[in-house]
Amino acid sequence: MESEQLISTGSCSGSRYVQMRSEQLMSPSSLFSFRHSSFEPARIFDELPSATIVSVSRPDAGDISPMLLSYTIEFQYKQFKWRLVKKASHVFYLHFALKKRAFIEEIHEKQEQVKEWLQNLGIGDHTDVVHDDEDVDDETVPLHHNDESAKNRDVPSGAALPIIRPVLGRQQSISDRSKIAMQGYLNHFLGNMDIVNSREVCKFLEVSMLSFSPEYGPKLKEDFVMVKHLPKFPKDDPSGKCCPCRWFNCCNDNWQKVWAVLKPGFLAFLSDPFDTQPLDIIVFDVLPGSDGNGDGCVSLAKEIKDRNPLRHAFKVACGSRSIKLRVKSGSKVKDWVASINDAGLRPPEGWCHPHRFGSFAPPRGLAEDGSQAQWFVDGRAAFEAIASAIEDAKSEIFICGWWLCPELYMRRPFHTHASSKLDSLLEAKAREGVQIYILLYKEVALALKINSVYSKRKLLGIHENVRVLRYPDHFSSGVYLWSHHEKLVIVDYQICFLGGLDLCFGRYDTAEHKVGDCPPNIWPGKDYYNPRESEPNSWEDTMKDELDREKYPRMPWHDVHCAIWGPPCRDVARHFVQRWNYAKRNKAPNEQAIPLLMPQHHMVIPHYMGRNSDVEIENKNASNGKDMTRQDSFLSRSSYQDIPLLIPQEPNESPRPNGVDSPHCLSQPNSNRAFPFRKTKIETVGPDTPMRGFVDDFDSLDLHGKLASDGVAHPAIRSSVPEWWETQERENKGGLTDESGQVGPCSSCRCQVIRSVSQWSAGTSQVEDSIHSAYCSLIDKAEHFIYIENQFFISGLSGDEIIRNRVLEALFRRIMRAYNDKKCFRVIIVIPLLPGFQGGLDDAGAASVRAVMHWQYRTICRGHNSILHNLYELLGPKTHDYISFYGLRAYGKLFDGGPVASSQVYVHSKIMIVDDCTTLIGSANINDRSLLGSRDSEIGLLIEDKELVNSYMGGKPWKAGKFSLSLRLSLWSEHLGVNAGEMDQIIDPTVDSTYKDIWMATAKTNTTIYQDVFSCVPNDFIHSRAAFRQSIAFWKEKVGHTTIDLGIAPETVESHQNGDVKKADPMERLESIKGHLVSFPLDFMLKEDLRPVFNESEYYASPQVFH
């Protein structure tokens, strides 16, 4: 009974993450006790492992000495298998250690009994113990019980003797006899739960608290090693040496013995095998292709030759780190070097070699591994989904952002959702024990007003379970120009949100894009945000308005975000862990409250299992929820699919709701906070559809989903399009209802995490610019259509020595190829009308605004480096048949009876949709800062649809991707003001009836109306700063008050009809506007050189800051 209690209380299945509470170490006096300690140590095994002797070998066939025999032993614990090579001497040392432990334990027990007898007699230190007189004689019972249990825990010497001295016989039989003897000895101590969890046996088995956590991958090599780079820490065993000889002082006090744990994605160092929090960790990352000396490829681990033959060492070099380690023999060095190099290159991850596009992460979704994605358009949809995920968190939350506002309301109206503030949500989860890690960009205060110091102070005051790091440290790192630009929220390694949305003020918005909110209902205080008018100097009084709501509009914010599940989520989490650990080492190396993190590993291939027939797991483990199911995982229903080859799906499990055969989508019927999405009624392509494009060869990338038929149009397809869009099921499942079409379907997909990082941002050994590579490759492989939304568009053509990213060159080449082939090809680009920085275009303090405008116009249409200039020389007026540029604008009354105002809708999304089959989404802008890798750090996701639906492209039937097509239709319906019943009009993005008659015509009409009513800037009629000043003066005199970009309408609008002047209410004229789409003003300020001049401070800054 006591043993059962020990098993249940000692389970280590709850210690999933390094941030969880470590088990308290035992005092030295109790280290030798199996049971009778004041508190139980952590237990590695909660059920008995098994062992099988695979083979017995001799160093020399003629040598019959039993002490030189080597035994290859295969151990199995649950689904984990590993092999060790042991000699008879190892067994002898183990047996001696167990005997020593049993002897000391018996003495300790006797001491406790004598102490208790003396206390009962009133002698010695007395503690209050109440006894019945009749129970005095029963004191012999515990002694008898302890003696019996000691015998059960003892390994008899008779079991070990045959290993050391096997029965002599014929030479051939010695190995067989030794094998039988070793098997019998192993069965003795592996059959006792207390013995198998002892430190001696765990060391012999080379196991630790991290060995059998499925989330960290299969069990690889573990053992004690010596390291020098760690700060001194107390050790219970001070005798650790790097060599057996004590006569030479080859191990000075700086070397310490630690337990090394090798996993497929990292190498961790623990102070003790029973500890769960690492002293240090090396997260494997892409290595350079060469060492620079012509000696070939760089290895993760390499043996070090020392002049002292007693020293056996090797080094592990990854990223910007190189660590030297020592072991006790040369054979151990070879074993460690081979094991580490194998782990770094082991498929499918192979973290140490680059994958497609040069990314650190491999393509996912090639198999049915649970990779899924779901899109969100604008802040309302994304914030409510993020809030729901945070509320469902069970273990940990990772947040990474360029700007984070703790007082941000995640749900609106804010009056009725007081508890939805971000800090309140995090506090509630932190009090439940959820560990929260927040990584903030540490800005240069003179350049930005995001006040990360305030955010950090506010977040740290929430709860002790909230840890915050700001990075980089500008002075020590020398990094002043670049920023951390990722926007990430990761919950329990189960769901990840990424895209363009920071959790900060000004980002919450809907498809309506309102310009006013007076009195406050949706945007409280400084969340009523317009950076073109004013940037707050302080964010501390967040409920106090920065702008006069009766005079100034807010700047509507358009953005796109996505959620991902499955292995891609773990890849993003790995990026966060890598950045967190790098920041921790640089900012808080000795701060115990800020731990190092370990990345989880998604086991797609059971590396340690051998044949497929070995992948067997007892049904009882799946049914009773033992160790293998992650107890505090997000959406525990999904645990089985999280590790598909380790824990197979039960055949009688109920099917997934909504026809989605995966656990990761949050629209589970029992989930209280789901993300409802549309269920497609379009016929999906069957499972025989070939998977294309996810290989490491760029040239083999295939983006489209051509019809399997001979291309004959099916009449039912076009008629099914409006039915699909109109009949999406939008049931209220307890979460966000989606009447506006801003939440997408949860789609199975093939996807790959891509990023921009370098040594300064993530500690990598080389620059990764996989986002840039993905952009160029996708553009080159596009067949019909490219749709881009981005905050910036600054790129260069071949030969441009200033702008180094080549997105523009890829677009130019692809358009020219289509023109030469006489094929229809469309490129549509939507960007902000003006940079979202403070200052009027003619103000002395607006040099940054003008500088960004200069680089964008240089890219688009001005000078020999621009794409339109070069295309016009070759294509003439046909250029606009291939590429065109647009912006977004909104209007409305500031309050009931108030003035009519207009503002640009700030395009902050960073997406590219190719052929309605592939989507690139993330945080990266199209400029050198985001794409070169050595500057801003970014992260993105390339999504290729696996679920294909019937559509049209170029007037012919086309298999479009469920994710990509639904996202484009949602965006276009918002921009064009198209309702659900008109979706068939925009289903084909390339035909003239869509591209020219709807898209271009709508933009032209809207632009004309806005110009008639507001004369707002930018526009094609103002070519110089002098003309701009004249226009501003005229409208201020006419209206009395206007905004910095002429956004206030006059009380009446004059129009000329048949020579007569007619006056009308501006709202009547504005009612003809559809959606928000307007043309991008290509001729605005065309006569001006917008670069900073010598009397402006920006003139002395590096131009790289602006592009």
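Residues numbered from 1 in each chain as written. Predicted model: local features only at pLDDT ≥ 70, side-chain atom pairs only at ≥ 80, totals over all residues. Heavy atoms only, no water.

Once that is clear, we can look at the overall build of the protein chain. What the protein chain contains, in helices and strands, is 27 helices and 33 strands. Scored against the burial criterion, the 1107 residues of the protein chain give a buried share of 58%. Restricting the contact set of the protein chain to residue pairs at least 6 apart, pairs at least 24 apart contribute 74%. Summed over its atoms, the accessible surface of the protein chain is roughly 44500 Å², and 51% of this surface lies on carbon and sulfur atoms. (Helix = DSSP H or I, 4+ residues; strand = E, 2+ residues; numbered from the N terminus. Buried < 20%, exposed > 50% of the residue type's maximum accessible area, 1.4 Å probe, protein only. Contact = heavy atoms within 4.5 Å. Areas by Shrake-Rupley, 256 points an atom, 1.4 Å probe, with all protein chains shown as cover.)

In this model, helix 18 (residues 770–781) (12 residues) spans 16 Å end to end at C-alpha, consistent with the 16 Å of a helix rising 1.5 Å per residue. Considered for burial, the residues of helix 18 that qualify are Ser770, Ile771, His772, Ser773, Ala774, Tyr775, Cys776, Ser777, Leu778, Ile779 and Lys781. (Expected span 1.5 Å × (residues − 1).)

Moving on to the layout of surface pockets. As a volume, the second largest pocket reaches approximately 1400 Å³. Lining the second largest pocket we find 44 residues, and of these Trp402, Ala447, Leu448, Phe837 and Ser848 sit closest to its centre. Looking at the lining of the second largest pocket, the elements with two or more residues in it are helix 20 (847–860) and helix 23 (928–931). The dominant element in the lining of the second largest pocket, judged by the number of residues it contributes, is helix 20, at three residues. Among the residues forming the lining of the second largest pocket, the class breakdown is 23 nonpolar, 13 polar and eight charged. (1 Å grid on protein atoms, 1.4 Å probe; cavity = no way out; pocket = protein on both sides within 12 Å on 5 of 7 lines; lining within 4 Å. Points joined across faces, edges and corners; volume = space filled by probe spheres on them. Nonpolar A, V, L, I, M, F, W, Y, C, P; charged D, E, K, R; others polar.)

Turning our eyes to something else, we now look at the pattern of salt bridges. Pairing is possible between side chains that carry opposite charge, provided their charged atoms lie close to one another. Considering all chains together, one arrives at 43 salt bridges under this definition. Residue Lys334 pairs with Glu303 through a salt bridge whose shortest N-O separation is 4.0 Å. Of this pair, Lys334 sits in helix 8 (residues 330–345) while Glu303 sits in strand 8 (residues 301–304); the two residues are 31 residues apart in sequence, bridging distant segments of the chain. The partner of Arg431 in a salt bridge is Glu427, with the nearest N and O atoms 2.9 Å apart. Remark: Glu427 and Arg431 occur in helix 10 (residues 422–431); sequence separation between them is four residues, near one turn of the helix. Among the residues examined, Arg431 registers a relative accessible area of 58% and is labelled exposed. (Salt bridge = Lys/Arg side-chain N within 4 Å of Asp/Glu carboxyl O.)

On to the nonpolar core, then. Membership of the largest hydrophobic core comes to 111 residues, with the highest contact counts inside it found for Leu267, Phe269, Phe284, Ile340 and Tyr787. Considering every element that reaches this core, the biggest residue donor is helix 13 (residues 567–587), with eight residues. For Leu267, the residues in contact, after removing those within four places along its chain, are Ala260, Val261, Leu262, Asp280, Ile281, Ile282, Phe284, Val316, Trp336 and Ile340. Judged by nonpolar contacts, the second largest core, of 68 residues, contains Leu811, Tyr1010, Trp1035 and Val1078. (Core = buried A, V, L, I, M, F, W, Y, C linked by side-chain atoms within 4.5 Å.)

Read from one edge of the open sheet, three strands run 1-2-3, paired in antiparallel fashion. The open sheet has two edge strands, strand 1 (50–57) and strand 3 (80–87), and neither has a second partner. Strand after strand, the sheet turns through a mean of 20 degrees between neighbouring axes, direction not considered. Pairing between strand 2 (residues 70–77) and strand 3: eight bridges, direction antiparallel. Bridge pairing in strand 3 places Gln76 opposite Lys81. (Pairing = 2+ DSSP bridges. Axes fitted to C-alpha atoms, helices over the stretch in contact; angles between N-to-C directions.)

Now for the packing of aromatic side chains. The tally for this structure, following the rule as stated, stands at 33 aromatic pairs. With a centroid separation of 4.8 Å and 85 degrees between ring planes, the pair formed by Phe224 and Trp259 is classed as edge-to-face. Of this pair, Phe224 sits in strand 4 (residues 222–227) while Trp259 sits in strand 5 (residues 256–263), placing them 35 residues apart in sequence. The exposure class assigned to Phe224 is buried, which follows from its relative accessible area of 19%. Residue class for Trp259 comes out buried when judged on its relative accessible area of 0%. Both rings, one in Trp351 and one in Phe360, keep their centres 6.2 Å apart while their planes meet at 25 degrees; by these two values the pair is stacked. Taken individually, Trp351 and Phe360 each receive the classification buried, so the pair is uniform in this respect. Each residue in the set Phe45, Phe75, Tyr77, Phe80, Trp82 and Phe212 is aromatic and connected to the rest through ring pairs, giving one cluster. Positioned above the aromatic ring of Tyr508 is the side chain of Arg412, whose terminal nitrogen or guanidinium carbon lies 4.2 Å from the ring centre. (Phe/Tyr/Trp six-rings, centres within 6.5 Å; stacked < 30°, edge-to-face > 60°. Lys NZ or Arg CZ within 6 Å of the ring centre and 35° of its normal.)

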